[in-house]
Amino acid sequence: MSTLTLASDPRDAAAVEAVEAHHAQLAGDLAGRVAILVEAADREPAAADRVRTELVAFCDRDLLPHAAAEEETLYPVAHDLPAARLLIDGMLAEHRRLAALVDALRTATSAVKAATDGRALQVLFEEHLEKENTLVLPLLAGAPDISLSELLAGMHELLGHGHEHGAEGEAATKGGGCGGACGCGGSDETEVPELDVREVPHSLRHATVFGAIAAVPSGQSMVLVAPHDPLPLLAQIEDRHPGAFAVEYLQRGPKAWRLLLTHR
């Protein structure tokens, strides 16, 4: 989702970067949660209902408010631009489809149906964000009579709430705890959901893992497959959830690192 947007003002350029970073965080978080839902539907259908419920809660808390904030701030202004009118009409229609998919997920009567609805939601949301990044934001940022930074001032639903919403973020440097790499704890790998991030776009990789581990209940585990030793990611996990996850290396390269993350 990385794009180059030319803005008419440096503050607008910074606002675009913040929105795109928040988009990456939302897309990754959703992708991670959906991945765990699909795994649960395949391996342990009885557990899929809890994962589905938490996914719906994430949508109600983050995804749908993000869409509502766009309709309140960005879309009315963009709709006044002749070049964007039809585009915004289409984006509004996609918001209705996203809300309908969340409702379908909310009322899904089987693990397979929930996984299908979740995957459809993920695909549509990623496509929707791509249009915002490559079409809507450049139009607004390039308009000389529109101040995107002023338009988005205080809009946490669009900009995120701080450094934790960066697509990759900075590696945590806090001391204390096991740092996420001590190998303490651990659990039986049998029937443990696996998240392989090697094919996940780099800008979404950390957020995808954060979304996935948020769906792992206490006492259960997840296998993470990474293309390298994910020490910065483990530090971020420890920073976000101090002492909550024990880490055991199952494989150390050369083409893949496999780690068992157990939620204490």
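Relevant structure appears above.
Below is a summary of the structure that appears in this document. The structure presented is a predicted model; accordingly, all values stated were derived computationally and were not measured.

The rules behind these values
- Residues numbered from 1 in each chain as written.
- Predicted model: local features only at pLDDT ≥ 70, side-chain atom pairs only at ≥ 80, totals over all residues.
- Heavy atoms only, no water.
- Core = buried A, V, L, I, M, F, W, Y, C linked by side-chain atoms within 4.5 Å.
- Buried < 20%, exposed > 50% of the residue type's maximum accessible area, 1.4 Å probe, protein only.
- Helix = DSSP H or I, 4+ residues; strand = E, 2+ residues; numbered from the N terminus.
- Contact = heavy atoms within 4.5 Å.
- Axes fitted to C-alpha atoms, helices over the stretch in contact; angles between N-to-C directions.
- Parallel < 35°, antiparallel > 145°, perpendicular 65-115°, else oblique.
- Left-handed = near helix turned anticlockwise from the far one by under 90°.
- Nonpolar A, V, L, I, M, F, W, Y, C, P; charged D, E, K, R; others polar.
- Pairing = 2+ DSSP bridges.
- Salt bridge = Lys/Arg side-chain N within 4 Å of Asp/Glu carboxyl O.

**Quick notes on the nonpolar core**
Within the largest apolar cluster, 51 residues are counted, with the highest numbers of intra-cluster contacts made by Leu30, Leu55, Leu121, Val209, Met222, Ile237 and Leu261. In terms of residue count, helix α1 (residues 10–43) provides more of this core than any other element does, 9 residues in total. Setting aside anything within four residues of it in sequence, one finds Val209 in contact with Leu195, Val197, Leu224, Leu233 and Ile237. Residues Val16, Ala69, Leu137 and Leu148 belong to the second largest nonpolar core, which totals 21 residues.

**Quick notes on the packing of helix α4 (residues 85–106) against helix α5 (residues 111–142)**
Between α4 and α5, the shortest axis-to-axis distance is 10 Å and the interhelical angle comes to 160°. The pairing of α4 with α5 is recorded here as roughly antiparallel in orientation. Crossing geometry of α4 relative to α5 is assigned as left-handed. Per-class residue counts for the contact of α4 with α5 are 16 nonpolar, 3 polar and 6 charged.

**Thoughts on unusual backbone geometry**
Cis geometry marks the peptide bond from Gly253 to Pro254; its omega dihedral reads 0°. Tracing the chain through its elements places Pro254 in the loop between β3 (245–252) and β4 (257–263).

**Here's the deal with the sheet that holds strand β2 (residues 221–226)**
Taking strand neighbours across the sheet as the criterion, the 4 strands line up as β1-β2-β4-β3 in an open arrangement whose pairing is mixed. The outermost strands of the open sheet, each flanked by one partner alone, are β1 (194–196) and β3. Across the sheet, the mean angle separating the axes of adjacent strands is 20° when strand polarity is ignored.

**Quick word on the environment of Val225**
Locating Val225 in the fold gives a position in strand β2. When the C-alpha atoms of Val225 and Asp196 are compared, they prove to be 4.5 Å apart, with 29 residues separating the residues in sequence. Residue contacts for Val225: discarding those within four places in its chain leaves Glu194, Leu195, Asp196, Val197, Arg198, Ala256, Trp257 and Arg258.

**Side note on the pattern of salt bridges**
Side-chain pairs of opposite charge can arise whenever the charged atoms involved come near each other. Overall, the coordinates contain 13 salt bridges when judged by the stated rule. Between Glu39 and Arg43 there is a salt bridge, with its nearest N and O atoms 2.6 Å apart. Of the two residues, Glu39 and Arg43 both sit in helix α1, 4 residues apart, roughly one turn of that helix. The partner of Arg106 in a salt bridge is Asp60, and the shortest N-O contact between them spans 2.9 Å. Remark: Asp60 occurs in helix α2 (residues 45–72) and Arg106 occurs in helix α4; sequence separation between them is 46 residues. Taken together, the shared-partner salt bridges connect Asp60, Asp103 and Arg106 into one network.

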